[in-house]
Amino acid sequence: MTEQKPRLFLVDGSSYIFRAFYAIPALQNSAGMPTNAIFGFTNILLKFLKQYRPEYVAVALDAGRKTFRNDMMAEYKANRPEAPADLIPQFPYFRKVLDCLNVSLLELPGYEADDIIATLCDRMIGKECELVVVSSDKDLMQLAANGIKLLDSAKDRWIGAAEVHAKFGVQSAQVVEVMGLMGDAVDNIPGVKGIGEKTAIALIQKFGSLESLFSRLDEVEALPLRGAARVRALLEKNKDNAFLSRALATVNRNVPLDVGLEQLKFAGIDPEKARPLFTELEFTNLITLLEYGRV
């Protein structure tokens, strides 16, 4: 019988933070500090650790708003509002929660959590572990290949190469080609204005890549696309934006991280280590649950 390889779970922590903030009503400790996002984040993390019992785990966070992508395009993510006032004082505590629960934290100024996750996936392929990216973000679906899977832990939904193909109609590595054409309003990636997801997918299914598409633009008008002549004109006018958008959507797999697999081993939760922080935050129920081993 083949022995099951241990799993390395790489968690997109930023998505947990915002999910928690908007899911939990206003909450604060007796000192008046908002704690709703910290409480939600901690509960999501504890549920994840209990359900999946990882041997290796790390949470990646964005170290700041500015990254190398802002050098490529100053307006990258410029459409996003500032963090809510009640969330700002909670940011330092997410790192404290990870520390007190013995979960490795990975972050590096100038890079996004996605880049850190992608770098570790590339580095750990072929090691004695399976790779699981804990996120449902389409930006990370480009990683769902070579046995790497995404996990939407909120729905216990696994996303592999087949699921990505079912969603986008292309291979995982081609997701960024589609995004180069359709853009991404969430991150303010422009794409080719006037080309939506369906047309973008159809074009990449036909041509495979932006390079092939733009070298064969004459063929676009013959495609069974609504307004094919208009599509060709849009492509011709917005070629630079398409290639820029693809570059912005592509994860960086070469983040200078000094970390190996054994450094990400999960040692388990020590209730006594967590007690001082949870006492400060007044998470009384969580202290009790930890003491009795119920999480």
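Rules used throughout
All residue numbers here refer to positions counted from 1 along the written sequence of the relevant chain. This being a predicted model, a pLDDT of at least 70 is required before a residue's local features are given, and a value of 80 or more before pairs of side-chain atoms are given or counted; all residues contribute to the totals for chains, interfaces and linings. Where side-chain values are given, they derive from all heavy atoms of the structure, hydrogens and water being excluded. All axes are obtained by fitting lines to C-alpha atoms, using only the stretch in contact for helices, and the reported angles, taken between N-to-C directions, cover 0 to 180 degrees. Numbering of helices and strands runs from the N terminus, with a helix taken as a DSSP run of H or I at least four residues long and a strand as a DSSP run of E at least two residues long. Here is the rule for angles: anything less than 35 degrees is roughly parallel, anything more than 145 is roughly antiparallel, 65 through 115 is roughly perpendicular, and the remaining ranges are oblique. Each crossing is labelled by how the near helix is turned from the far one, with a counterclockwise turn of less than a right angle marking it left-handed and a clockwise turn marking it right-handed. The contact criterion used is simple: two residues touch if any of their non-hydrogen atoms lie within 4.5 Å. All amino acids are sorted into three groups, where Ala, Val, Leu, Ile, Met, Phe, Trp, Tyr, Cys and Pro are nonpolar, Asp, Glu, Lys and Arg are charged, and the leftover types, Gly among them, are polar. Accessible area is worked out with a 1.4 Å probe on protein chains only. A residue is then buried under 20% of its type maximum, exposed over 50%, and partly exposed in between. Only strands that DSSP links by at least two bridges are regarded as paired with each other. Between Lys or Arg on one side and Asp or Glu on the other, a salt bridge is scored when a side-chain nitrogen of the former is within 4 Å of a carboxyl oxygen of the latter.

S.K.: How would you summarise the packing of helix H4 (residues 91–100) against helix H12 (residues 271–281) if you had to cite specific residues and measurements?
M.R.: Between H4 and H12, whose axes approach to 8 Å, the crossing angle comes to 150°. Between H4 and H12, the angle is such that the two are roughly antiparallel. Crossing of H4 over H12 shows left-handed handedness. On H12, the residues that touch Tyr93, Lys96, Val97, Asp99 and Cys100 of H4 are Lys273, Ala274, Leu277, Phe278, Glu280 and Leu281. Taken together, the residues of the contact of H4 with H12 break down into 7 nonpolar, no polar and 4 charged.

S.K.: I'd like a description of the pairing of strand S1 (residues 7–12), backed by residues and values.
M.R.: Of all 6 residues in S1, 5 are buried; the element is thus mostly enclosed. Strand direction decides the pairing type here: S1 and strand S4 (residues 130–134), joined by 5 bridges, are parallel. For Leu8, the partnering residue across the bridge sits in S4 and is Leu131. In this structure, S1 lies alongside strand S2 (residues 56–60), joined through 5 bridges in parallel fashion. Bridge pairing in S2 links Phe9 to Val57.

S.K.: Outline the environment of Ile116, listing residues and values.
M.R.: If you trace the backbone, Ile116 turns up in helix H5 (residues 113–124). Judged by its relative accessible area of 0%, Ile116 falls in the buried class. In sequence terms Ile116 and Leu257 are 141 residues apart; their C-alpha atoms lie 7.9 Å from each other. Ignoring any residue separated from it by four or fewer positions in sequence, one finds Ile116 in contact with Ala60, Leu61, Leu106, Glu107, Leu108, Val255 and Leu257.

S.K.: Lay out the packing of helix H2 (residues 36–52) against H4 with the relevant residues and their values.
M.R.: The geometry of H2 relative to H4 is characterised by a closest axis approach of 10 Å and an angle of 30° between their N-to-C directions. Classified by the interaxial angle, the pair formed by H2 and H4 is roughly parallel. Crossing geometry of H2 relative to H4 is assigned as right-handed. Note on element contacts: H4 touches H2 through Tyr93, Phe94, Val97 and Leu98, opposite Ala37, Ile38, Phe41, Thr42 and Leu45. Considering only residue class, the contact of H2 with H4 consists of 8 nonpolar, 1 polar and no charged.

S.K.: So what's going on with the pattern of salt bridges? Which residues, and what values?
M.R.: A side chain with one charge may pair with a side chain of the opposite charge, provided their charged atoms come close. Taken as a whole, this structure holds 17 salt bridges when the rule is applied. In this structure, Glu112 engages Lys77 in a salt bridge whose closest nitrogen and oxygen atoms are separated by 2.9 Å. Here Lys77 lies in the loop between helix H3 (68–72) and H4 and Glu112 lies in the loop between strand S3 (104–106) and H5, a separation of 35 residues in the sequence. Judged by its relative accessible area of 8%, Glu112 falls in the buried class. Residue Arg80 pairs with Asp187 through a salt bridge whose shortest N-O separation is 2.4 Å. Taken together, the residues Arg80 in the loop between H3 and H4 and Asp187 in the loop between helix H7 (175–182) and helix H8 (197–207) connect sequence positions 107 residues apart. Accessibility expressed as a relative area gives 35% for Arg80, which makes it partly exposed. The class of Asp187 is buried, set by a relative accessible area of 3%. Taken together, the shared-partner salt bridges in this structure form one network comprising Arg69, Lys77, Glu112 and Asp115.

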